[in-house]
Amino acid sequence: KQHMKDVFDVFDEGFEEITRMVGQGNYKGPFVYSSNLTLFSTLLDYEDGILISEILEGVFSQVGPFAEELDAKEIGFINEQLAAQMKIITDSYRAEDKNILYQALRDLRSIATKFQITCMRSRPMKVQRQARLNIGDKYY
């Protein structure tokens, strides 16, 4: 029991930091934080943690490069949406019933993907060149 409590403390703190940074439009910090949480979860064989942090890693590594090209006003809406999903994840990841958690992860992923596609459509040349180089790679 004590062991899981310590795990949750690490995740609570991590999610709080990630939510704060994403709300400010910082995606590099959350990407690094998520990667650390993935490693931590794997070492402790915490499978929910692996799923959550891997999804976060993907989202932040993919949204980051697009976010950096936009001004604060353009990116504000996506920051808020992603931060809102992070709050739901934070509040629901320890629950026995994982439905709310899984819906929040789904929504986080889908918000990020729609944002990526919108960005790719609006500036095709630069992004296609970058996408070809980085397909399946981490951006950061």
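Note: the structure precedes this text.
Residues numbered from 1 in each chain as written. Predicted model: local features only at pLDDT ≥ 70, side-chain atom pairs only at ≥ 80, totals over all residues. Heavy atoms only, no water.

Participant: I'd like a description of the overall build of the protein, backed by residues and values.
Facilitator: Each helix and strand in the protein was counted, giving 6 helices and 0 strands. Helices and strands appear in the protein in the N-to-C order α-α-α-α-α-α. The 140 residues of the protein split such that 40% are buried. Restricting to contacts in the protein with at least 6 residues of sequence separation, those with at least 24 account for 72%. Here the protein displays about 8,200 Å² of accessible surface, and carbon together with sulfur accounts for 55% of that area. (Helix = DSSP H or I, 4+ residues; strand = E, 2+ residues; numbered from the N terminus. Buried < 20%, exposed > 50% of the residue type's maximum accessible area, 1.4 Å probe, protein only. Contact = heavy atoms within 4.5 Å. Areas by Shrake-Rupley, 256 points an atom, 1.4 Å probe, with all protein chains shown as cover.)

Participant: Can you tell me about the nonpolar core, naming the residues and giving the values?
Facilitator: One recurring pattern in soluble globular proteins: nonpolar side chains tend to sit buried together. The biggest cluster of nonpolar side chains holds 32 residues, and the ones touching the most others in it are Phe15, Leu56, Phe60 and Ile89. Looking at this core, the elements that each hand over two or more residues are helix H1 (2-23), helix H2 (28-43), helix H3 (47-67), helix H4 (72-92) and helix H5 (99-122). Per-element tally for this core: the top contributor is H5, with 8 residues. Not counting residues up to four positions away in its chain, the partners in contact with Phe15 are Leu37, Ile52, Leu56, Met86, Ile89, Thr90 and Tyr93. (Core = buried A, V, L, I, M, F, W, Y, C linked by side-chain atoms within 4.5 Å.)

Participant: Please set out the side chain of Glu57 residue by residue, giving values where relevant.
Facilitator: One can find Glu57 in helix H3. In terms of polar contacts, Glu57 uses its side chain to reach the side chain of Thr38, at 2.7 Å. (Polar contact = N/O pair within 3.5 Å; in protein donor to acceptor, adjacent residues only side chain to side chain.)

Participant: An account of the pattern of salt bridges is needed here, citing residue identities and associated values.
Facilitator: Tallying each qualifying case throughout the model produces 5 salt bridges. Residues Glu17 and Arg20 are paired through a salt bridge, measuring 2.9 Å at the closest nitrogen-oxygen approach. With Glu17 and Arg20 both in helix H1 and 3 residues apart, the pair spans about one turn of that helix. Taking the shortest distance from any N to any O, the salt bridge between Lys98 and Asp48 comes out at 3.5 Å. Pair noted here: Lys98 is in the loop between H4 and H5 and Asp48 is in helix H3, with a separation of 50 residues, a long-range link. By relative accessible area, which is 16% here, Lys98 ends up buried. (Salt bridge = Lys/Arg side-chain N within 4 Å of Asp/Glu carboxyl O.)

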